[in-house]
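Notes for the structure review
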Amino acid sequence: MTLLVTGGAGFIGANFVLDWLAQSPEPVVNLDKLTYAGNPETLASLQGDARHQLVQGDIGDVDLVRQLLAEHRPRAVVNFAAESHVDRSIHGPGDFIHTNIVGTFNLLESVRGYWSALPQADQQAFRFLHVSTDEVYGSLGHADPAFTENHRYEPNSPYSASKAASDHLVRAWHHTYGLPVVTTNCSNNYGPYHFPEKLIPLMIVNALAGKPLPVYGDGMQIRDWLYVKDHCSAIRRVLEAGRLGETYNVGGWNEKPNIDIVKTICQLLDEMRPKADGSSYASQISYVTDRPGHDRRYAIDARKLEAELGWKPAETFETGIRKTVQWYLAHPEWVSNVQSGAYREWVQKQYSAS
Ligand code: NAD
Ligand code: TYD
């Protein structure tokens, strides 16, 4: 038995692979293109572990994926691979169309070819788990109920539109060809190994470096924060017992305005790494130009996953953010290694006008 994980050198995928191999003897083949967001160093603790094989390649490379499927005969594919940063999708949507839509299509076709030739019992046991986002549902008003799985798809950014398209392809491959798929739509993740261009790690890293903490617009946009290890446990549970063709929303029941997140990080750093001059990290907060088309509020109703599969998050936001800040303080070398030339160019492009 083997899993084929795609995008397993990125933030969530790598946490999933590390957690999986900490609890299961089942090997993982990890197909990752190693874009700027893919980081083999995150997987360094698996070096020499015969259960893990990292293959550099594109989910859209049909020949490579077919060869991996034929060689390793996985019983499931867990698809994390994507371009995932909304701000990057605004500057350059092409890569998002290429990977999230065309790449998912090619992956589905490669997997369909493999799956349809399996013996019947293996066909029935096979799973294609597609990892998606709450952003496909669009933006909520302040008093609207949280997104359920039946919410209309109303994506607003090039990123969310490309993920919505990939969800529709996955759904269609189930309905048309019978491919045994399950899809998860989760809220904003945070935790160890998060690339420091997303809100939480960027704020921690900038605070420690004495740089401004750039809050978009009025900072009152709301996200529902999910500790990454809780997301990984949800995926394991859906892989194990999710109903075919179904979608499961995964959320942390932690709706917070961005400015509250930033202030919480500042308070934790004031406590754990006080500044020499006695001032608070909050003095570095700087309001900057808003993201175009910025979604105001996301909130996930995760009751289906709890009712059907008994999953609940283990962390509250308070416990999860404390662990996250502690992790970044303990791993400065991981941070400095990901801050490559490409990362510095991005920061220059994104924040220079503000
Ligand atoms: P990430 O950007 O940190 O990692 C993505 C990984 O995919 C990287 O390792 C990258 O090298 C790889 N990749 C990119 N294009 C590829 C391709 N064509 N072929 C193979 N590998 C490729 O993203 P993440 O935050 O770990 O997100 C993982 C998945 O979860 C994505 O599908 C994303 O849409 C979804 N998601 C993320 C969040 C979040 O808060 N981070 C929330 C909801 C959903
Ligand atoms: P982000 O981490 O990019 O995730 P997403 O856009 O997928 O939700 O951003 C989370 C929120 O934080 C979002 O409302 C945008 C905001 N944000 C800032 O205010 N400043 C920043 O520098 C970044 C990167 C994000």
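What you are looking at is a predicted structure, and each value in this text was computed from that prediction instead of being measured.

Once that is clear, we can look at helix H6 (residues 158-177). Given a rise of 1.5 Å per residue, 20 residues ought to cover 28 Å, and the 28 Å separating the end C-alpha atoms of H6 matches this to within 8%. Within H6, burial applies to Tyr 159, Ser 160, Ser 162, Lys 163, Ala 164, Ser 166, Asp 167, Leu 169, Val 170, Trp 173 and His 174. Downstream of H6 by one or two residues, Gly 178 has phi in the positive range, about 80°.

If you trace the backbone, Ser 89 turns up in helix H3 (residues 86-91). On the accessibility criterion, Ser 89 (0% relative accessible area) is buried. If we ignore the near neighbours within four places in the chain, the residues touching Ser 89 are Phe 96, Ser 157, Pro 158 and Tyr 159.

On a regular strand, one side chain projects to one face of the sheet and the next to the other, so that they alternate. Where burial is concerned, most of strand E6 (residues 181-186) is hidden: 6 out of the 6 residues are buried. Of the two faces of E6, both are covered, the one formed by Val 181, Thr 183 and Asn 185 as well as the one formed by Val 182, Thr 184 and Cys 186. Handedness of the crossover is the feature at issue here: the chain leaves strand E5 (residues 127-133), passes through H6, returns alongside E6, and the resulting connection is right-handed. With 4 bridges connecting them, E6 and strand E10 (residues 247-250) associate as parallel partners. Looking at the pairing, Cys 186 lines up with Val 250 of E10.

On to the site of ligand 1. Among the 29 residues in the neighbourhood of ligand 1, the closest are listed as Ile 12, Asp 32, Ser 84, Tyr 159 and Lys 163. At 3.0 Å from an oxygen atom of ligand 1 is found a main-chain nitrogen or oxygen belonging to Phe 80. One of the backbone nitrogen or oxygen atoms of Val 131 is found 3.5 Å away from an oxygen atom of ligand 1. Within the complex, the protein chains bury 97% of what would otherwise be the 830 Å² of accessible surface of ligand 1. Within the shell around ligand 1, the residues separate by chemical class into 12 nonpolar, 13 polar and 4 charged.

Once that is clear, we can look at the nonpolar core. Core analysis: the biggest nonpolar cluster contains 35 residues, and Leu 3, Val 5, Phe 16, Val 78, Phe 80, Leu 129 and Leu 305 have the highest contact counts within it. Put simply, the parts of the chain that give this core at least two residues each are strand E1 (3-6), helix H1 (11-23), strand E4 (76-79), E5, E6, helix H8 (228-241), E10 and helix H10 (303-309). The biggest single contributor to this core is H1, with 8 residues. Apart from the residues lying within four places of it in its own chain, the contact partners of Val 5 are Phe 16, Val 17, Val 28, Val 29, Asn 30, Leu 31, Val 78 and Phe 80. If you look at the next biggest cluster of nonpolar residues, it comprises 33 residues, including Val 205, Tyr 281, Trp 327 and Tyr 351.

Looking now at the packing of helix H2 (residues 62-72) against helix H4 (residues 94-116). Packing of H2 against H4 leaves a shortest axis separation of 9 Å and a crossing angle of 35°. Handedness of the H2/H4 crossing: right-handed. Within the contact between the two elements, H2 uses Val 62, Val 65, Arg 66 and Leu 69 and H4 uses Asn 106, Leu 107, Ser 110, Val 111 and Tyr 114. The class makeup of the residues in the contact of H2 with H4 is 6 nonpolar, 2 polar and 1 charged.

If you check the shell around ligand 2, you find 17 residues, and the closest are Glu 135, Pro 214, Arg 291, His 294 and Tyr 351. The separation between an oxygen atom of ligand 2 and a polar main-chain atom of Leu 199 is 2.9 Å. Asn 258 has a polar side-chain atom sitting 2.9 Å from an oxygen atom of ligand 2. Here ligand 2 loses 97% of its free accessible area of 510 Å² to cover by the protein chains. Among the elements of the structure, helix H7 (199-208) and strand E8 (213-216) are those that each provide at least two residues to the shell around ligand 2. For the shell around ligand 2, the leading source of residues is E8, giving 3 residues. Of the residues contributing to the shell around ligand 2, the split by class is 7 nonpolar, 5 polar and 5 charged.

By way of backbone hydrogen bonds, the strands of a sheet pair with one another, either parallel or antiparallel. Across the sheet, which stays open at both edges, the 7 strands sit in the order E3-E2-E1-E4-E5-E6-E10 with parallel pairing between neighbours. Since the sheet does not close on itself, it has two edges, and those belong to strand E3 (52-56) and E10, each with one partner. Averaged over all adjacent pairs, the angle separating strand axes in this sheet is 20°, with direction ignored. Packed on one face of the sheet, H6 meets E5 and E6 and runs near 155° to E5. Lying over the sheet, H8 contacts E1, E4, E5, E6 and E10, oriented at roughly 145° with respect to E5.

The rules behind each value
Residues numbered from 1 in each chain as written. Chains lettered and ligands numbered in written order. Predicted model: local features only at pLDDT ≥ 70, side-chain atom pairs only at ≥ 80, totals over all residues. Heavy atoms only, no water. Helix = DSSP H or I, 4+ residues; strand = E, 2+ residues; numbered from the N terminus. Expected span 1.5 Å × (residues − 1). Buried < 20%, exposed > 50% of the residue type's maximum accessible area, 1.4 Å probe, protein only. Contact = heavy atoms within 4.5 Å. Right-handed = clockwise from strand over helix to strand, strands pointing away. Pairing = 2+ DSSP bridges. Near = heavy atom within 4 Å. Polar contact = N/O pair within 3.5 Å; in protein donor to acceptor, adjacent residues only side chain to side chain. Areas by Shrake-Rupley, 256 points an atom, 1.4 Å probe, with all protein chains shown as cover. Nonpolar A, V, L, I, M, F, W, Y, C, P; charged D, E, K, R; others polar. Core = buried A, V, L, I, M, F, W, Y, C linked by side-chain atoms within 4.5 Å. Axes fitted to C-alpha atoms, helices over the stretch in contact; angles between N-to-C directions. Left-handed = near helix turned anticlockwise from the far one by under 90°.

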